[in-house]
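Listed here are the chains, written in short residue letters.
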Amino acid sequence: MWGILGRRAVVNGGISASSLRSRVRSSSVSARSYAAAGSKEMTVRDALNSAIDEEMSADPKVFVMGEEVGQYQGAYKITKGLLEKYGPERVYDTPITEAGFTGIGVGAAYAGLKPVVEFMTFNFSMQAIDHIINSAAKSNYMSAGQINVPIVFRGPNGAAAGVGAQHSQCYAAWYASVPGLKVLAPYSAEDARGLLKAAIRDPDPVVFLENELLYGESFPISEEALDSSFCLPIGKAKIEREGKDVTITTFSKMVGFALKAAEKLAEEGISAEVINLRSIRPLDRATINASVRKTSRLVTVEEGFPQHGVCAEICASVVEESFSYLDAPVERIAGADVPMPYAANLERLALPQVEDIVRAAKRACFRSK
Amino acid sequence: MALSRLSLRSNRFLRPSTTAAALPSSIRRHVSTDTTPITIETAVPFESHLCDAPSRSVETSSAEILSFFRDMARMRRMEIAADSLYKSKLIRGFCHLYDGQEALAVGMEAAITRKDAIITSYRDHCTFLGRGGELVDAFSELMGRKRGCSNGKGGSMHFYKKDACFYGGHGIVGAQIPLGCGLAFAQKYSKEEFVTFTLYGDGAANQGQLFEALNIAALWDLPAILVCENNHYGMGTATWRSAKSPAYFKRGDYVPGLKVDGMDALAVKQACKFAKEHALKNGPIVLEMDTYRYHGHSMSDPGSTYRTRDEVSGVRQVRDPIERVRKLLLSHDIATEKELKDMEKEVRKEVDDAVAQAKESPVPEPSELFTNMYVKDCGVESFGADRKELKVTLT
């Protein structure tokens with residue numbers, strides 16, 4: 001497992017410190033209450049781009065493949081500049097044929113290359129899911145360790161804004177149920193950098209679930225996180241906000257909602273601890289349970305469908321391991337149990353909102369409205 | 001029909017077999033219902049694969065050509081209005097526009113019935129209109145209103161009109177192809193003498209599922225017509241970068257194919273008529289429609305990073321489907337310039353009225369969140385985001 005490595009001089013192997021820093025703005029006044037004045041900020045988009053850039057620079061076996069990743073600069077501009085920098089032998093524009101190019105990517109990984117395969121959204125990964133599961137996830141096991149698959153499948157996951165039923169599904173629960181896969185979900189720019197770099201370096205297949213609506217969001221970023229050696233451990237959650245009355249677990253865009261909910265709850269005297277899962281598989285059951293044993297109450301949040309979801313697994317874990325610590329039933333806030341409607345008012349009802357998280361936390365604390 | 005340049009030089013080739021041009025102006029007033037047969041020659045010959053191409057002489061009538069003009073003008077205005085509405089944020093999410101490709105929608109409808117089935121991709125607004133869909137239903141759907149053809153729940157990519165055998169409106173590239181072959185399967189199974197047109201783009205043409213479905217369609221002689229709308233770009237990727245062989249009409253290999261000037265409504269009509277006859281007798285056939293989209297892939301794509309503005313304006317000047325029909329109408333004295341301009345004004349008003357009406361339509365009721373999950377709900381429970389706050393038993 002990669003720990004957060006100590007600071008080192010940045011190696012000038014391709015991405016220069018100055019070009020990375022040019023993507024980072026200094027903020028004199030940050031919108032976030034916990035960022036110190038004068039700290040640097042970075043968008044999630046730039047964080048992902050810089051992570052791929054640095055890993056490509058460090059390891060010639062790393063290459064990028066997907067629709068519009070090269071000449072178009074990436075459908076969401078995550079791979080911007082990479083074709084110009086590394087050339088067509090490291091950045092491949094594919095036809096619109098997920099089953100084919102994903103299989104090709106997995107085959108390349110069998111032979112020791114390190115593909116970073118982009119799905120324009122994870123909805124399209126369903127065309128290739130056989131290769132992700134049967135060809136990638138299970139190979140190391142079936143071959144008794146002979147064939148490992150150092151591949152990363154990345155792209156936007158979950159709902160965007162008004163993209164309808166076939167373009168809004170969250171695949172975290174599906175992929176995280178498969179032994180042999182690692183499944184990561186960044187929230188902040190630091191998560192994006194550290195987790196993607198870890199994923200690319202990892203010798204196992206990693207499903208990397210980004211979020212389209214987070215791409216443009218800026219987050220403060222530390223000097224440490226800007227270092228090209230920066231890596232976050234896979235399988236460790238992060239406590240974004242400490243609290244003592246109720247634990248809220250979630251991942252990706254919902255972390256932002258949970259933090260807003262925590263602020264609202266604080267106004268009413270409820271101290272919420274917000275856990276950013278970062279890693280859906282392996283799931284950091286230890287951190288979650290330690291938190292619940294501290295607070296005795298759990299609200300678990302996700303954007304995807306509720307039945308058999310990530311929240312259901314967390315609930316099961318807590319009931320199994322920390323039952324006697326619970327003072328209230330576990331609360332689940334998830335996407336509505338319906339295909340995503342297009343109309344704006346229905347879409348809003350189909351997705352968790354901050355007030356849903358606040359309401360559930362209050363219920364767990366036996367507070368009525 | 002001959003290109004505009006030819007018509008300027010000589011009217012000889014464009015004389016219809018009747019002498020409509022010599023008719024006095026008083027008779028021209030009734031031209032919109034004049035179904036006297038006219039024969040027009042297509043400008044571009046058909047290219048064929050494993051079959052004999054149909055004749056370039058297309059049987060039509062004044063009424064039909066006028067209807068092409070009006071219908072395409074309506075489709076064009078609808079898409080331009082949608083562009084505006086998207087920029088005003090009244091349309092959200094994805095919006096894939098069809099302007100430039102209208103000839104395909106109208107030409108196909110002229111060759112078939114409303115019991116032949118059509119299924120297409122997400123670039124479906126004009127196909128919906130062609131199947132008899134109403135403008136106000138289209139705009140309402142785009143703006144997420146109750147009056148929408150999918151009650152506001154589908155959005156731009158998911159228009160349907162089952163009563164006209166239009167099966168959508170699909171967001172996943174290529175998925176509609178096996179689905180279309182399935183519709184054809186059902187038609188054959190029920191011994192109906194109808195066919196299915198499955199529309200897909202040059203991007204989708206490389207999908208494995210196309211070849212799987214086509215193989216089965218050929219084995220089982222399904223009345224499936226695969227129509228490749230080759231607008232030369234799959235999002236930002238030109239055909240030469242995505243297909244080893246961009247001769248899409250030949251990609252069916254053992255399945256016959258025809259390449260068609262997709263900007264010529266009459267050529268499209270001829271090809272679809274030919275294809276329907278073929279499919280009913282001999283099973284699947286591939287039609288490649290050479291067409292062009294003026295807009296980018298979607299409203300999020302400017303469409304100018306992978307093609308030059310000169311290319312786009314060049315096509316508009318030389319191949320625009322509406323302009324070609326206008327020139328045909330003028331050169332055959334079927335209508336005057338003023339009559340056509342008036343028709344365009346009427347269409348514009350039609351579209352503006354429909355937009356205004358759609359804007360008045362309310363958003364769907366919150367209870368619509370849970371409707372149409374199943375046909376037979378059998379007491380299934382469904383939940384809102386907060387399952388303790390919003391729980392519904394589907395009935």
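Sequence order as written defines residue numbering, which begins from 1 separately in each chain. As they are written, the chains are lettered A onward and the ligands numbered 1 onward, keeping that order. Where local features are concerned, this predicted model is filtered to residues with pLDDT of at least 70; where side-chain atom pairs are given and counted, the filter is 80 or more; whole-chain, interface and lining totals use all residues. Each side-chain value is derived from all of the structure's non-hydrogen atoms; neither hydrogens nor water enter the calculation.

1. Describing the overall build of chain A
A tally of helices and strands in chain A yields 14 helices and 15 strands. Burial classification: accessible surface area is computed with a 1.4 Å probe over protein chains only, and a residue below 20% of its type maximum counts as buried, one above 50% as exposed, and the rest as partly exposed. In chain A, which comprises 369 residues, the share counted as buried stands at 63%. For chain A, the computed accessible surface area is about 13700 Å², with 55% contributed by carbon and sulfur atoms. Think of it this way: any DSSP run of H or I at least four residues long counts as a helix, any run of E at least two long counts as a strand, and we number them from the N terminus. What sets the accessible areas is the Shrake-Rupley method with a 1.4 Å probe; for residues, cover comes only from the shown protein chains.

2. What about the interface of chain B and chain A?
Tallying the contact residues gives 48 residues for chain B and 48 residues for chain A. Buried area: the accessible area, evaluated with a 1.4 Å probe, that two parts lose upon being put together, summed over both parts. Summing the contributions of chain B and of chain A, the shared interface buries around 3700 Å²; its carbon and sulfur component is 55%. When the buried area of chain B at its contact with chain A is split by residue, Arg92, Leu369 and Ala385 of chain B rank highest and sum to 19% of it. The working definition used for a salt bridge is a side-chain nitrogen of Lys or Arg within 4 Å of a carboxyl oxygen of Asp or Glu. Here chain B and chain A share 6 salt bridges between them. By the criterion applied in these results, polar contacts are pairs of N or O atoms within 3.5 Å in which, for protein atoms, one can donate a hydrogen and the other can accept it, and in which residues neighboring in sequence qualify only through two side-chain atoms. The tally of links between chain B and chain A comes to 21 residue pairs in polar contact (both at pLDDT 80 or more). Secondary-structure elements contributing two or more residues to the side of chain B that touches chain A are helix 6 (135-142), helix 9 (239-242) and strand 11 (381-383) of chain B. Considering every element that reaches the side of chain B that touches chain A, the biggest residue donor is strand 11 of chain B, with 3 residues. For the side of chain B that touches chain A, the class distribution of residues is 17 nonpolar, 19 polar and 12 charged. The contact criterion used is simple: two residues touch if any of their non-hydrogen atoms lie within 4.5 Å. Here the nonpolar group is Ala, Val, Leu, Ile, Met, Phe, Trp, Tyr, Cys and Pro; Asp, Glu, Lys and Arg are the charged ones; every other residue, Gly included, is treated as polar.

3. Notes on the domain arrangement of chain B
Reports often express the size of an interface as the amount of accessible area lost when the parts come together. Entries for chain B in the domain assignment read domain 1 (35-363) and domain 2 (366-394). Domain start and stop points were drawn from an automatic or database domain assignment. Using only C-alpha atoms to locate each centre, domain 1 of chain B and domain 2 of chain B end up separated by 36 Å.

4. Comments concerning the packing of helix 11 (residues 285-295) of chain A against helix 12 (residues 310-321) of chain A
Residues and elements named next belong to chain A. Only the contacting stretch of a helix is used when fitting its axis, a line to C-alpha atoms as for every element, and angles between N-to-C directions run 0 to 180 degrees. Relative orientation of the contacting elements helix 11 and helix 12 amounts to 60 degrees, with a least axis distance of 10 Å. Taken as axis vectors, helix 11 and helix 12 run oblique relative to one another. Where helix 11 crosses over helix 12, the handedness of that crossing is right-handed. Listed contacts from helix 12 to Arg285, Ile288, Asn289, Val292 and Arg293 of helix 11 are Glu313, Ile314, Ser317, Val318 and Glu321. When the residues that make up the contact of helix 11 with helix 12 are grouped by side-chain class, the tally is 4 nonpolar, 2 polar and 4 charged. For classification purposes, angles smaller than 35 degrees are called roughly parallel, those larger than 145 roughly antiparallel, those between 65 and 115 roughly perpendicular, and all remaining angles oblique. For any helix crossing, the convention is left-handed if the near helix is rotated counterclockwise from the far helix by under a right angle, and right-handed if that rotation is clockwise.

5. Structural notes on the nonpolar core
Buried Ala, Val, Leu, Ile, Met, Phe, Trp, Tyr and Cys residues form a nonpolar core when they are joined through side-chain atoms within 4.5 Å. Val299 of chain A together with Tyr200 and Leu226 of chain B are the most contacted members of the largest nonpolar core, which has 102 residues in total. Top contributing element to this core by residue count: helix 10 (residues 253-267) of chain A, with 8 residues. For leucine 226 of chain B, the contacting residues outside a window of four places in its chain are Ile177, Cys181, Thr198, Tyr200, Leu210, Leu214, Ile285, Val286 and Leu287 of chain B. Counting residues in each nonpolar core, the second largest holds 72 residues, with Phe69, Val136, Ile322 and Ala335 of chain B among its members.

6. A look at the UniProt feature "domain: Dehydrogenase E1 component" (unreviewed entry) in chain B
UniProt positions are given in the numbering used here, feature names are shortened, and annotations may be inferred rather than shown by experiment. This chain's UniProt record puts "domain: Dehydrogenase E1 component" (unreviewed entry) on residues 70-366 of chain B. From the first C-alpha to the last, residues 70-366 of chain B spans 38 Å; its make-up is 46% helix and 10% strand.

7. Points about the side chain of aspartate 99 of chain B
All names here are of chain B. Along the chain, aspartate 99 falls in the loop between helix 3 (62-87) and helix 4 (102-111). Notably, aspartate 99 is buried but unbridged: the nearest opposite-charge side chain belongs to arginine 316, and the N-O separation is 4.8 Å. Here histidine 295 takes part through its side chain, which lies 2.8 Å from a polar atom of the side chain of aspartate 99. Once residues within four sequence positions are removed from consideration, aspartate 99 is found in contact with Arg76, Glu79, Ile80, Tyr292, Arg293, Tyr294 and His295. The convention is simple: Lys and Arg are positive, Asp and Glu are negative, and His and the chain ends are not counted.

8. Here's the deal with the UniProt feature "domain: Transketolase-like pyrimidine-binding" (unreviewed entry) in chain A
UniProt feature "domain: Transketolase-like pyrimidine-binding" (unreviewed entry): in the numbering of this structure it lies at residues 42-217 of chain A. Here residues 42-217 of chain A runs as 36% helix and 16% strand, with 8 Å between its end C-alpha atoms.

9. Some details on helix 5 (residues 129-137) of chain A
Residues spaced three or four apart along an α-helix face the same direction, because each turn holds 3.6 residues. Those residues of helix 5 of chain A lying buried are Ile132, Ile133, Ser135, Ala136 and Ala137 of chain A. On its buried face, helix 5 of chain A is in contact with helix 4 (98-110), helix 6 (139-142), strand 6 (152-156), helix 7 (172-176) and strand 8 (206-210) of chain A.

10. Comments concerning the pattern of salt bridges
Under the criterion given, the structure shown has 55 salt bridges over all chains. Notably, a salt bridge pairs aspartate 116 of chain B with lysine 276 of chain B, separated by 2.8 Å at the nearest N-O pair. Taken together, the residues span a long stretch of sequence, with aspartate 116 of chain B in the loop between helix 4 and strand 4 (117-119) and lysine 276 of chain B in helix 10 (residues 265-282) at a distance of 160 residues. On the accessibility criterion, aspartate 116 of chain B (0% relative accessible area) is buried. By relative accessible area, lysine 276 of chain B is classed as buried at 14%. Within this structure, Glu331, Asp356, Arg359 and Arg363 of chain A together with Asp386, Lys388 and Glu389 of chain B form a network of salt bridges that share partners.

11. Re the sheet that holds strand 14 (residues 298-301) of chain A
Residue and element names in this part refer to chain A. Pairing within the open sheet is mixed, and its 5 strands lie in the order 10-12-11-14-15. With partners counted over all chains shown, the strands left at the sheet margins are strand 10 (238-241) and strand 15 (331-333), one partner each. Direction aside, the axes of adjacent strands within the sheet are offset by 25 degrees on average. Each pair of strands is called paired provided DSSP finds at least two bridges between the two strands. Looking at chain direction, strand 10 and strand 12 (residues 272-276) are connected through 3 bridges and run antiparallel. Within the sheet, the bridge partner assigned to isoleucine 239 lies in strand 12 and is isoleucine 275.

12. Things to note about the confidence of the model for chain B
Low-pLDDT portions of the prediction should not be read for the details of their coordinates. Residue and element names in this part refer to chain B. The quantity known as pLDDT measures the predictor's confidence residue by residue, on a range of 0 to 100. Residues at a pLDDT of 70 or more form 92% of chain B, whose mean pLDDT is 93. Taken together, the stretch residues 1-28 has pLDDT below 50 and engages in 34 contacts with residues farther than four places along the chain or on a different chain. Interface predicted TM-score (ipTM) for the complex: 0.89; the corresponding pTM is 0.90.

13. What to know about unusual backbone geometry
For the bond running from arginine 281 of chain A to proline 282 of chain A, omega is -5 degrees, close enough to zero to count as cis. Tracing the chain through its elements places proline 282 of chain A in the loop between strand 13 (279-281) and helix 11. Following glycine 168 of chain B, the chain continues into glycine 169 of chain B via a peptide bond in cis, with omega recorded as 25 degrees. Position of glycine 169 of chain B relative to the elements: it lies in the loop between helix 6 and helix 7 (176-189). Even without glycine at this site, serine 296 of chain A takes up a positive phi of about 75 degrees. Note that serine 296 of chain A resides in the loop between helix 11 and strand 14. A positive phi is found at leucine 50 of chain B, a non-glycine position, where the angle reads about 60 degrees.

14. Topic: the sheet that holds strand 6 (residues 224-230) of chain B
All names here are of chain B. Spatially, 2-9-10-6-5-4 is the arrangement adopted by the 6 strands of the open sheet, whose pairing is mixed. Only two strands of the sheet have a single partner each, and these edge strands are strand 2 (47-49) and strand 4. The average undirected angle you get between the axes of adjacent strands in this sheet is 20 degrees. Judged from the 3 bridges that link them, strand 4 and strand 5 (residues 196-201) form a sheet pairing that is parallel. Each bridged residue has a counterpart across the sheet, and for isoleucine 118 the counterpart in strand 5 is phenylalanine 197.

15. Some words on helix 6 of chain B
Residues and elements named next belong to chain B. Extensive coverage of helix 6 is indicated by the burial of 8 of its 8 residues. Turning to helix 6, its buried residues number three or more, namely Leu135, Val136, Asp137, Ala138, Phe139, Ser140, Glu141 and Leu142. For helix 6, the secondary structure elements touched by its buried residues are helix 3, helix 5 (125-130) and helix 13 (337-360). With its phi angle positive at about 70 degrees, glycine 144 sits one or two positions after the end of helix 6.

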